[in-house]
Structure formats: C-alpha cells, structure tokens
Amino acid sequence: YFKENELFDKLYKSGNFSPVMNLNYTVQISNLLTLLTALLDQYNDGELSSEQYEKIFVYALSWSIGAMFEPEDRVRYHQLLASFRAPLPSVQSDETVFEYKFDKSKKNWVKWQADPWERQPGMAFASLLIPTMDSTRAEYLIHTVLMMDQESDYKKQVLLVGGPGTAKTSTILMYTQKLPDNYALKKLNFSSATLPKMFQESIDADLEKKTGKNYCPPGGKNMLVFIDDVSMPYVNEWGDQITLEIVRQLIEDKGFYFLEKDKIGDFKTISNLKFISAMSHPGGGRNDIPNRFKRHYFSFNMVLPSKESVDNIYLTIIKSAFTVKAFGEEVAETANKLTAATIGLWERVKKRYLPTPSQFHYLFNMRELSRVFQGVFEVI
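Parameters and conventions
- Residues numbered from 1 in each chain as written.
- Predicted model: local features only at pLDDT ≥ 70, side-chain atom pairs only at ≥ 80, totals over all residues.
- Heavy atoms only, no water.
- Patch = residues over 30% accessible without salt bridge, like charges linked within 9 Å, V, L, I, M, F, W, Y side chains within 5 Å.
- Areas by Shrake-Rupley, 256 points an atom, 1.4 Å probe, with all protein chains shown as cover.
- Salt bridge = Lys/Arg side-chain N within 4 Å of Asp/Glu carboxyl O.
- Helix = DSSP H or I, 4+ residues; strand = E, 2+ residues; numbered from the N terminus.
- Buried < 20%, exposed > 50% of the residue type's maximum accessible area, 1.4 Å probe, protein only.
- Arc of directions from axis to C-beta.
- Contact = heavy atoms within 4.5 Å.
- 1 Å grid on protein atoms, 1.4 Å probe; cavity = no way out; pocket = protein on both sides within 12 Å on 5 of 7 lines; lining within 4 Å.
- Points joined across faces, edges and corners; volume = space filled by probe spheres on them.
- Expected span 1.5 Å × (residues − 1).
- Polar contact = N/O pair within 3.5 Å; in protein donor to acceptor, adjacent residues only side chain to side chain.
- Pairing = 2+ DSSP bridges.
- Axes fitted to C-alpha atoms, helices over the stretch in contact; angles between N-to-C directions.

Engineer: Provide a residue-level description of a nonpolar patch on the surface, including the pertinent values.
Structural biologist: A cluster of nonpolar side chains, Ile29, Leu33 and Tyr154, forms an exposed patch at the surface whose accessible area comes to about 220 Å². For leucine 33, the location among the structural elements is in helix H2 (residues 25–40). Classification of leucine 33 as partly exposed rests on a relative accessible area of 32%.

Engineer: Tell me about helix H7 (residues 196–204), and please be specific about residues and values.
Structural biologist: Here H7 has its buried residues at Phe199, Gln200, Ser202 and Ile203. Along H7, the residues classed as buried sweep out an arc of 160 degrees about the axis, all on the same side. Looking at the packing, one finds that the buried side of H7 touches strand S4 (183–189), strand S7 (222–228), helix H8 (242–253), strand S8 (255–257) and strand S10 (273–279).

Engineer: Run through the layout of surface pockets, naming residues and quoting values.
Structural biologist: Empty space within the largest pocket amounts to approximately 950 Å³. As for the largest pocket, its lining consists of 34 residues, and the residues nearest its centre are Gly165, Ala167, Ser170, Arg367 and Ser370. When contributions to the lining of the largest pocket are tallied by element, the ones reaching two or more residues are helix H5 (133–146), helix H6 (168–176), helix H10 (307–321) and helix H14 (366–379). Ranked by residues supplied to the lining of the largest pocket, first place goes to H6 with six residues. In terms of lining, the second largest pocket is formed by 26 residues, of which the most central are Lys155, Gln157, Ile251, Lys254 and His296.

Engineer: Give a description of the pattern of salt bridges that names residues and reports values.
Structural biologist: Between side chains of opposite charge, a pair can form when the charged atoms approach closely. Considering all chains together, one arrives at 16 salt bridges under this definition. In this structure, arginine 76 engages aspartate 73 in a salt bridge whose closest nitrogen and oxygen atoms are separated by 2.4 Å. Here arginine 76 pairs with aspartate 73, and both are found in helix H4 (residues 71–83), just three residues apart, close to one helical turn. In this structure, the salt-bridge partner of glutamate 201 is lysine 197, at a minimum N-O distance of 4.0 Å. On the criterion of helical spacing, the pair formed by glutamate 201 and lysine 197 is a turn pair, its members being four residues apart in helix H7. Take glutamate 201: its relative accessible area is 41%, and that puts it in the partly exposed class.

Engineer: Just give me the short version of the environment of phenylalanine 8, but keep the residues and values in it.
Structural biologist: Tracing the sequence through the fold places phenylalanine 8 in helix H1 (residues 6–12). Remark: the alpha-carbon pair of phenylalanine 8 and alanine 341, spanning 333 residues in sequence, is separated by 44 Å. Not counting chain neighbours up to four residues away, the residues in contact with phenylalanine 8 comprise Lys13, Tyr25, Gln28, Ile29 and Ile65.

Engineer: Provide a residue-level description of H5, including the pertinent values.
Structural biologist: An ideal rise of 1.5 Å per residue puts 20 Å on 14 residues; H5 measures up with 20 Å between its terminal C-alpha atoms. For H5, the tally of buried residues reaches twelve of 14 residues, placing the bulk of the element in the interior. The complete set of buried residues in H5 reads Met133, Asp134, Ser135, Thr136, Arg137, Ala138, Glu139, Leu141, Ile142, Thr144, Val145 and Leu146. N-cap assignment for H5: the residue whose side-chain oxygen lies 3.3 Å from the backbone N of aspartate 134 is threonine 132.

Engineer: Could you give me a rundown of the sheet that holds S8, with the residues and numbers involved?
Structural biologist: Strand order in the open sheet formed by four strands is S5-S6-S9-S8, and the pairing between neighbours is mixed. On the outer flanks of this sheet lie strand S5 (208–211) and S8, each paired with one strand and no other. In this sheet, neighbouring strand axes are inclined to one another by 35 degrees on average, regardless of whether the strands run parallel or antiparallel. For strand S6 (residues 214–216) and strand S9 (residues 267–270), the ladder comprises two bridges, and the chain directions are parallel. Paired with tyrosine 215 across the bridge in S9 is isoleucine 270. Strands S8 and S9 of the sheet are contacted by H8, whose axis makes an angle of about 125 degrees with S8.

Here it is as structure tokens:
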C-alpha cells in the first residue's frame, strides 16, 4: 500500500512535517530495518497472518520514519497512514499509532500502559523515577534494539533526542536499573570542554586486559556506556566534533589506538560495549551531530508528557506522601484536588507569562512544576 517514494515525498518534501532532527533517507531506512529485524526475531514460529505482519511493519515504520516528529506531526502522520489504508489501531480522537504497540501474546494492537510504581522508604524526591506511558514505550524500544543479536547486520546503538523536561535521562536511568547481572553501567556527561583523550581515558579506566591487545569490561561482563548531552562537544572551524569521532571509531571499529608512548600506533580491540546516548533538539544554538555519527544509532524523539501522563506522575508522588495511614482518609483524599489545582495553575501561568527579551527567565516547563511538587513532598 506504499508506492515507491510517495510516503517520503509527503513526509519530507510537502513542508507539512518538521522533524526535530534531520536524518537522511539512508539512516531512516537503516533504522527501519533495525527495528523490523529485532521485532521479527520474536516471531520465528510462522504463526502470524499477513495482516499481523503488516501491523508489525507499521509499528516499525512509525518509530523509524516517523521517529523524529513532535505530537502535532504525529497526528498528521497517523492521518497520512490512514489515507494509505494501513492496518492501524482503533484510536480515540487524541491518540495516534504511537500510543499503541503490537502485542506478542495477543497478536494485535494494544495501548501502552505505564509500569506500576511503589515508593520505597527514605527515597529523596530527586531520586524518584516515575514510569509513564512515554518512558515505558521508550524503554521497550531501547531494550528491543540494544538486545539484538550481536552478529546482526542491522545492530545499532540507541539515541534519545528531546527538549528540556522530556525525561530523556530519567528514562535511560530507569532502563539501566533493570539491566541483567552480567551488565555494568558507565555514565558520561559530555560538555563543550570534553576532549577525545578525556573520553578514551574514561573508557580505558573500566577495562581489563583479555589477551594480547584485546580488552573488555571487568569480569568479562557487557558494559552499557550512557553518554548524556552527546551533542555538546565543541565544533571546530571545519564543522567537526573531534570528540564524537573517537566515539564513532570505538563503535565502528570496536577499539582505538593506545595512548602510551611505547605502544603508539598499536590498535586496542575492545569488546562487549553497547552505547546509549541522549541529546537536546539541535538548533537555537544547540549542536547537531554528524550524519556519519547518526548512522550508528537508532534514534527517536522524546516528546513532552501528555497532560494525562503529567497528572499520573505527580498524583502518584503526592498519593505516596498523603497516605491514609499517616493523615487519615479525609486528608488523603485531598491529593487528587491538590495535584489538579497545581497543574491547572502551572498551565495558566505557562500560557500567560511568555518569555520576552526583558523577561527571558519566564520559562515554565516541567522542571518548574517539579520544583513545586518537590516542596510539598519534602515538607510532608
């Protein structure tokens, strides 16, 4: 039902869609094949019908070709797929195909649901990681791609792109908490001052010699390297980010050259590394990353949480504080009203007090809302 090039032309040549980061056609098709391969590996029993295979394809298509869209473009994308008579889920008026997944057990579309959460005693507000529909589906994509067969031709790393308050870092940290015991985590924060040597020395610090010039993480484990703000390194006068070149070399060639003087020119082979990265939307003074770097990553956009997700996040937190046991039933019931009133006030302030050259600090995003609830949480 997709004619040659027609979908790409309507998405990227019509001017009706504005991806938050440009990916060339080759990278997008490569991402499609990566996700489609990972999904089909789960269904090697041949029990699916042709329509069910089409639904898997539409899911993979949406999170590769349409991966860089914001919510308003996702709505138009869903409508475009409907015009092609794609086998889409039955959605509500404010929903799109992005709110659904193809479920392996039911062999049909199923709406995403946030994972359950329970508050642990003594947890500080800053350490609270509340699952949402957005984080749950992002974790699914991360796991599906990262845990592909190591020998697959379409194996890639994962990159989360998103603006402030989209929980890129929190989502990745929630995923890393569920890593198997044979995985170690290394977290790096890039900045404009991060140099290639600094990155290489940081990786070297967590490696042990295997045989000869072969190295791996301690104990033969796998190591997931999380690079936050991966687009931050300095762009030189030729438009290159030399720090990203050493990262690309490590991913592409599985190693880099020794820094020791007596071994200069010798190549150090490094195995058992996987990468997950996060970055802000390019533009407005923020760096993009080179295409030769993008091609090693399966990339998708993290959108701001929906009003429903925001309600669920803070209602979950406040309810965990306003317990019936601690305050009684009457006070505990105020949690619903307190959450709704606070979010309602935040939305009104955000719409009315817009940033201007003289009031540039008027930025009322999710972080400001979070600080309000943090105050309530810590007082309790």
